[in-house]
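Okay, here's what each chain looks like letter by letter:
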Amino acid sequence: MRSSNPVFSRRGFSRDGAAGFSGTQQAPAGNPYAAGNPYAAGNPYAADPAAAGAAANPYAQQQTQPGAPFAAPPAAPGQTDRMTINDVVNRTGITVGLVVVAAAVAWISGLSLPLAIGAGLIAMVLGFVQAFKRKASPPLILAYAAFEGLFLGAISAFIDQKIANGAAMQAVLGTMAVFTAVLIMYRTRIIRVTQRFYRFVMAAAIGFVLLMAVNMLFAVFGGGDGLGFRSGGLGILFGIIGIVLGALFLALDFKQVEDGIAYGAPREESWLAAFGLTMTLVWIYMEFLRLISILQGD
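Our subject in this report is the structure included herewith. (Residues numbered from 1 in each chain as written. Predicted model: local features only at pLDDT ≥ 70, side-chain atom pairs only at ≥ 80, totals over all residues. Heavy atoms only, no water.)

What to know about the packing of helix α3 (residues 113-131) against helix α4 (residues 138-162)
At step 1: With their axes 8 Å apart at the nearest point, α3 and α4 run at an angle of 150° to one another. In this structure, α3 crosses over α4, and the sense of that crossing is left-handed. Residue-level inspection shows Leu113, Ala116, Ile117, Ala119, Gly120, Ile122, Ala123, Leu126, Gly127, Val129 and Gln130 of α3 in contact with α4, the latter providing Leu140, Ile141, Ala143, Tyr144, Phe147, Glu148, Leu150, Phe151, Ala154, Ile155 and Phe158.
At step 2: Tallied by class, the residues present in the contact of α3 with α4 amount to 18 nonpolar, 3 polar and 1 charged. (Axes fitted to C-alpha atoms, helices over the stretch in contact; angles between N-to-C directions. Helix = DSSP H or I, 4+ residues; strand = E, 2+ residues; numbered from the N terminus. Left-handed = near helix turned anticlockwise from the far one by under 90°. Contact = heavy atoms within 4.5 Å. Nonpolar A, V, L, I, M, F, W, Y, C, P; charged D, E, K, R; others polar.)

In C-alpha cells form, the structure reads like this:
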C-alpha cells in the first residue's frame, strides 16, 4: 500500500506479501501497488508471510488473526540496523521540535512576511528534493524543518496579531487533537487502511489541490479572493475538508510506518517516516490556522 505522502510513495511498504520489504518481486494478482523490493537483496529479515515455505524462515512474519497486525521479525544477535518505533518517534520528535524552535525564533524576532515567504519557498524546494531522493538525507530533512518553521512562525504571528488573536495556539491544539484521535482510531482498527481507502484519499487530495491551485490563479490574476474557496462560507467548508484530508494522510503515514517496521526497513527509513509525518502535521496546522482566521476574521 503506497501513501499519498510523496516521501513514502517511492517506498514499496506492503503487508500483503507484495511490495516493500517482503523479499519477493512477484506480488499477488490484482495488486496495483506492487513494486520491487529495494531492500530484499541480502536482507535476512525480508520475510513474506504469504510466500510458500515461510514457516521454515525463523524471521517470517506471523499473523495471529485476520486483520491483526503482523509482528516484526526478531532481530538476530548483533543486528541493530532495522527501523524501530523508537527510531521513528525520536526522529519525528527532532524534526517537529526543530520546526517549533524555528517558528518561535521567527515569532520572537518579528520576521517579516517577505522573508517568511522566501523561507517557505526554500522549504518547499527542499521538501521536493528529499521526496524524490532514493535515500533519506538527515541534513536536508532538518534544513526543511528549519525553513518551514521560520515560515510558520512568521505567518502565525501575523494572523495571531492582525486577524485572529490566539489563532496559533488554537491551531496547535487542534493539530494535536487530530493527531491523537487518528492514532487512537488507527491503533484500535476503527480506521483500516485498505486499497479502497487509499484510492479515495488520493482522489480527494488531487481534487482538493487542483481546486486550490485554480483558486490561487484567479486570485493572482483576477484579484480579490479568487473563486472564494478560501474565504466566507466556502472557505470554512474547504478548511474543514483540508483538515479531514490531513487526518486521512496521517492514517496512511501510520500504515507506512507500521509496515516498514514489520518488514525490517533499514533504520535510515525512520528519517523518511519523520519527514513524512512532519509534512502532514504542517498541512493540518496550516488548515487549522486558515480556518480559524476565517471564523474569527469575519
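From this point on, the discussion continues.
Here we look at helix α5 (residues 167-187)
At step 1: Over its 21 residues, α5 extends 30 Å from the first C-alpha to the last, a length consistent with the 30 Å expected when each residue adds 1.5 Å.
At step 2: Taken as a whole, α5 has its buried residues at Ala167, Ala168, Ala171, Gly174, Thr175, Val178, Val182 and Tyr186. Considered in projection along α5, the buried side chains sweep an arc of 120° and stay on one side of the axis. Within α5, the exposed residues directed more than 90 degrees away from the buried face are Met169, Leu173, Met176, Ile184 and Arg187.
At step 3: Positive backbone phi, at 65°, marks Arg189, one or two positions downstream of α5. (Expected span 1.5 Å × (residues − 1). Buried < 20%, exposed > 50% of the residue type's maximum accessible area, 1.4 Å probe, protein only. Arc of directions from axis to C-beta.)

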